[in-house]
Amino acid sequence: GNSVTQMEGPVTLSEEAFLTINCTYTATGYPSLFWYVQYPGEGLQLLLKATKADDKGSNKGFEATYRKETTSFHLEKGSVQVSDSAVYFCALSDWNNAGNMLTFGGGTRLMVKP
Amino acid sequence: DAGVIQSPRHEVTEMGQEVTLRCKPISGHNSLFWYRQTMMRGLELLIYFNNNVPIDDSGMPEDRFSAKMPNASFSTLKIQPSEPRDSAVYFCASSRASGGAWEQFFGPGTRLTVL
């Protein structure tokens, strides 16, 4: 079956530090990959996505590249801000799934200190 | 676009009472998902619908939980009777299953507290 593994948090960084949150996946088909962000008290919002190997998704200074050879989709940002403090979820959807379910990782909490 | 709408935003009830959570998906979306989020178990998919038909309810914890989608613009998740361990944030999400990357759009959630 499909699965997504993320690094456990919390990740604590100082403002302007470089961020990497690791995500690896297992899928039976050709998945699309997503990063969602959840700010305190809110629902999940799509941050970025990639639909095929070597695609790079980017948004709000965040980037992630779909690496089929390493089955990874690591999230990066060059300079984090306090406002980036949130929980980040890696997810995949797979053609072979019945319908369009997403398989989520466990989430990684990011805390950015001023 | 109003996004996914959920009501109520907060619900406090006593053990044994019936609880009904409501969701209005984004217009034009044909898939709807109910999730539960807790600190202990993280984000769990409870059930999802395609074109108003339940496709997978294997995540529904037990018979006390039921979900319906009578039309394309409305769904309910009912818990009867409620128990303290049902306390969680319940999210509804919708998606347009028409190929490509099947992005889901989440509502703001209903925070349920069962005393």
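Remember, predicted model here, so these are calculated numbers, not experimental data.

J.: Would you mind showing me how to read the sheet that holds strand S3 (residues 19-24) of chain B here?
T.: Strand-to-strand pairing in sheets goes through backbone hydrogen bonds, with the strands running parallel or antiparallel. All names here are of chain B. Reading across the sheet, the 4 strands line up as S1-S3-S8-S7 and stay open at both edges, with antiparallel pairing between neighbours. The open sheet is flanked by strand S1 (5-7) and strand S7 (65-71), the only strands paired with a single partner. Within this sheet the neighbouring strands show an average axis-to-axis angle of 15°, counted without direction. Of the strand pairs in this sheet, S1 and S3 are connected by 3 bridges, and their pairing is antiparallel. By the bridge assignment, Gln6 is partnered in S3 with Cys23.

J.: Any chance you could explain the side chain of Asn2(A) here in plain terms?
T.: Along the polypeptide, Asn2(A) turns up in the segment before strand S1 (3-6). At 3.2 Å, the side chain of Asn2(A) and the backbone nitrogen of Thr28(A) are in polar contact.

J.: Please clarify how the environment of Arg64(B) should be interpreted in this entry.
T.: Residues and elements named next belong to chain B. By the secondary structure assignment, Arg64 is in the loop between strand S6 (53-56) and S7. Residue classification places Arg64 among the buried positions, given a relative accessible area of 10%. Along the sequence, Arg64 and Glu18 sit 46 residues apart, while their C-alpha atoms lie 9.5 Å from each other. Among the polar contacts listed, one links the side chain of Arg64 to the side chain of Glu62, at a separation of 2.8 Å. Within polar-contact distance, the side chain of Arg64 engages the backbone oxygen of Pro81 at 2.8 Å.

J.: What exactly am I supposed to notice about the pattern of salt bridges here?
T.: Oppositely charged side chains can pair when the atoms bearing their charge come close. Taken as a whole, this structure holds 12 salt bridges over all chains when the rule is applied. Note that Lys52(A) is salt-bridged to Asp55(A), the shortest N-O span being 3.3 Å. Taken together, the salt bridges that share partners define one network made up of Glu62(B), Arg64(B), Glu83(B), Arg85(B) and Asp86(B).

J.: Can you walk me through the pairing of S1(A) in this structure?
T.: Strand residues, when the strand is regular, have side chains that alternate between the two faces of the sheet. All names here are of chain A. Every second residue of S1 is oriented toward a common face, the buried set being Val4 and Gln6 and the non-buried set Ser3 and Thr5. Direction of pairing for S1 relative to strand S4 (residues 23-26): antiparallel, over a ladder of 4 bridges. Residue pairing for S4: Thr5 is matched across the bridge by Thr24.

Criteria and thresholds
- Residues numbered from 1 in each chain as written.
- Chains lettered and ligands numbered in written order.
- Predicted model: local features only at pLDDT ≥ 70, side-chain atom pairs only at ≥ 80, totals over all residues.
- Heavy atoms only, no water.
- Pairing = 2+ DSSP bridges.
- Helix = DSSP H or I, 4+ residues; strand = E, 2+ residues; numbered from the N terminus.
- Axes fitted to C-alpha atoms, helices over the stretch in contact; angles between N-to-C directions.
- Polar contact = N/O pair within 3.5 Å; in protein donor to acceptor, adjacent residues only side chain to side chain.
- Buried < 20%, exposed > 50% of the residue type's maximum accessible area, 1.4 Å probe, protein only.
- Salt bridge = Lys/Arg side-chain N within 4 Å of Asp/Glu carboxyl O.

From the geometry alone we can't say anything about function, so treat these as descriptive.
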